[in-house]
Amino acid sequence: MTRDELVAVLEKKRMTEIIELIEDAEQGELEELELVESLGLLMDQELNKEVLSLLESLGVAIIYLSGDEEDEEDEDDEDDEK
């Protein structure tokens, strides 16, 4: 799927946040993206694969976290607030 085809699908599904991520990556404003591996970025697995592939081709490093790491970060944030 080309970039334009992918963006057209995202527009049709009203996924403006994902389109903004792609545009940020194209402008060099997005260097890395942290994702919980078991969740991914999108619920649609095929679309998720296409978006992540495009982001990687634009130089974005995809960093996968386990669910445990995400929980630890949330706990650290809560500790910082106290």
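For the structure, see preceding data.
Here we summarise the structure given alongside this text. Since this is a predicted model, take the numbers as computed values, not measurements.

Scoring rules and cut-offs
Per-chain numbering applies: the sequence of each chain, read as written, is numbered from 1 onward. Per-residue local features are limited, in this predicted model, to residues with pLDDT of at least 70; the limit for side-chain atom pairs, both in listing and counting, is 80 or more; totals at the level of whole chains, interfaces and linings are taken over all residues. No hydrogens and no water enter the side-chain calculation; it runs on all heavy atoms of the structure. Every axis corresponds to a line fitted to the C-alpha atoms, with the helix fit spanning only the stretch in contact, and the corresponding angles, defined between N-to-C directions, vary from 0 to 180 degrees. Starting at the N terminus, helices and strands are each numbered in turn, a helix being any DSSP run of H or I of at least four residues and a strand any DSSP run of E of at least two. The cut-offs work like this: below 35 degrees is roughly parallel, past 145 is roughly antiparallel, 65 to 115 is roughly perpendicular, and the gaps in between are oblique. Two helices cross in a left-handed way if the nearer one is turned anticlockwise from the farther one by less than a right angle. They cross in a right-handed way if the turn is clockwise. Contact definition: two residues touch when any of their heavy atoms are within 4.5 Å. Just to be clear on terms, a salt bridge is a Lys or Arg side-chain nitrogen sitting within 4 Å of an Asp or Glu carboxyl oxygen. For two strands to count as paired, DSSP must find a minimum of two bridges between them. Whether a crossover is right-handed comes down to one check: with the strands pointing away from the viewer, does the path from the first strand over the helix to the second run clockwise; if it does, it is right-handed. Partly exposed residues are those whose accessible area sits between 20% and 50% of the maximum for their type, while under 20% is buried and over 50% is exposed, using a 1.4 Å probe and protein chains only. Charged-residue counts in this description rest on Lys and Arg as positive and Asp and Glu as negative, His and the chain ends being excluded. What makes a nonpolar core is a set of buried Ala, Val, Leu, Ile, Met, Phe, Trp, Tyr and Cys residues whose side-chain atoms join them at distances within 4.5 Å.

**As for the packing of helix H1 (residues 3-12) against helix H3 (residues 45-57)**
Two numbers describe a pair of packed helices, the interaxial angle and the distance between the axes.
In step 1: In the contact formed by H1 and H3, the axes pass within 11 Å of each other and the chain directions differ by 130°. The orientation of H1 with respect to H3, classified from their angle, is oblique. Where H1 crosses over H3, the handedness of that crossing is left-handed. For the pair formed by H1 and H3, the contact residues are Arg3, Leu6, Val9 and Leu10 on the first element and Leu47, Glu50, Val51 and Leu54 on the second.

**As for the pattern of salt bridges**
In step 1: All chains considered together, the criterion is met by three salt bridges.
In step 2: Arg3 is the partner of Asp4 in a salt bridge, and the nearest nitrogen-oxygen pair spans 3.4 Å.

**Looking at the pairing of strand E2 (residues 61-65)**
In step 1: Two elements, strand E1 (residues 32-36) and E2, share five bridges in a ladder whose sense is parallel. Residue pairing in the sheet places Leu35 in a bridge with Tyr64 of E2.
In step 2: Once you follow E1 into H3 and on to E2, the crossover reads as right-handed.

**Thoughts on the side chain of Glu50**
In step 1: With respect to the secondary-structure elements, Glu50 resides in helix H3.
In step 2: Despite being buried, Glu50 has no salt bridge partner; Lys49 is the closest side chain of opposite charge, sitting 6.3 Å away.
In step 3: For Glu50, the residues in contact, after removing those within four places along its chain, are Met1 and Leu6.

**Details of the nonpolar core**
Nonpolar side chains in soluble globular proteins tend to end up buried together.
In step 1: One finds Leu10, Leu33, Val51, Leu55, Val60 and Ile62 to be the most contacted residues of the largest nonpolar core, which totals 18 residues.
In step 2: Among the elements of the structure, H1, helix H2 (16-26), E1 and H3 are those that each provide at least two residues to this core.
In step 3: When residues in this core are grouped by element, the largest group, five residues, is from H3.
In step 4: In contact with Leu33, not counting residues within four places along its chain, are Leu41, Leu52, Leu55, Val60, Ala61, Ile62 and Ile63.

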